[in-house]
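# What the coordinates show
Take a look at the letters that make up each chain.
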Amino acid sequence: MTEIVSLYQRAGGTPFFEALVGRFYAGVAGDPLLRALYPEEDLGPAQRRLTLFLIQYWGGPSTYDKERGHPRLRMRHVPFAIGPAERDRWLLHMRAAIHELAPPPDVANELERYIAMAAGAMRNRE
Ligand code: HEM
């Protein structure tokens, strides 16, 4: 029988996603264009929400849903002005985080395809 292994498992589980989003948010913290969009002084809660979302999306525990309900990410991003520049900065930091962690190539490729699609979908300004 072929066993289907989630990307969550192939990537190394929760520690991988914590490290990924930790690096990503370090990039956001040092990027004035993006940092200005985040309403809270402390980026910690936003970091946790993205970590839990990605864990759930890729087949890990569904703690995100329990804490936040259905993601409805496009709707949740409407208050933030996300144009091509913001999208590109977001992607730059996420790609850098993936490259730094150097997961197996299949995992890296799937993640990169996904973030390009998802970041494009979050754009809500010309
Ligand atoms: C395209 C550029 C993007 C920008 C500029 C952006 C910016 C933001 C901002 C300002 C917040 C509010 C911070 C907070 O949680 O308090 C947020 C929340 C969030 N973002 Fe993004 N985001 C982008 C793309 C994405 C993408 C592609 C994903 C998923 C793959 C994502 C997932 C999330 C999640 C899960 C939250 C928390 C939602 C909640 O539970 O309230 N974002 N984002």
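Residues numbered from 1 in each chain as written. Predicted model: local features only at pLDDT ≥ 70, side-chain atom pairs only at ≥ 80, totals over all residues.

### Points about the overall build of the protein
The number of helices and strands found in the protein is eight helices and zero strands. Starting at the N terminus and ending at the C terminus, the protein contains elements arranged as α-α-α-α-α-α-α-α. Relative to its length of 126 residues, the protein is compact, with a C-alpha radius of gyration of 15 Å against a globular reference of 14 Å. Along the three orthogonal principal directions, the C-alpha set of the protein runs to about 50 × 30 × 25 Å. Burial analysis of the protein (126 residues in total) assigns 20% to the buried set. Taking the contacts inside the protein whose residues are at least 6 apart along the sequence as the reference set, 74% of them involve residues at least 24 apart. (Helix = DSSP H or I, 4+ residues; strand = E, 2+ residues; numbered from the N terminus. Rg over C-alpha atoms; globule rule 2.2 N^0.38 Å. Buried ≥ 20, exposed ≤ 12 C-beta atoms within 10 Å, placed from the backbone. Contact = placed C-beta atoms within 7 Å.)

### Here's the deal with the site of the ligand
What surrounds the ligand is a group of 21 residues, the closest being Ala 46, Arg 49, Phe 53, Trp 90 and Ala 118. Elements with a minimum of two residues in the shell around the ligand: α4 (44-57), α6 (73-77), α7 (84-101) and α8 (105-122). Here the residues of the shell around the ligand are counted per class, giving 14 nonpolar, one polar and six charged. (Near = placed C-beta within 6 Å. Nonpolar A, V, L, I, M, F, W, Y, C, P; charged D, E, K, R; others polar.)

### Concerning the packing of helix α2 (residues 14-29) against α4
Running from amino to carboxyl end, α2 crosses α4 at an angle of 140°, the nearest separation of the two axes being 9 Å. Relative to α4, α2 is oriented oblique. When the axes of α2 and α4 are compared, the crossing they make is right-handed. Residues Thr 14, Phe 17, Glu 18, Val 21, Gly 22 and Tyr 25 of α2 pack against Gln 47, Leu 50, Thr 51, Leu 54 and Ile 55 of α4. Its residues assigned to classes, the contact of α2 with α4 comprises six nonpolar, four polar and one charged. (Axes fitted to C-alpha atoms, helices over the stretch in contact; angles between N-to-C directions. Parallel < 35°, antiparallel > 145°, perpendicular 65-115°, else oblique. Left-handed = near helix turned anticlockwise from the far one by under 90°.)

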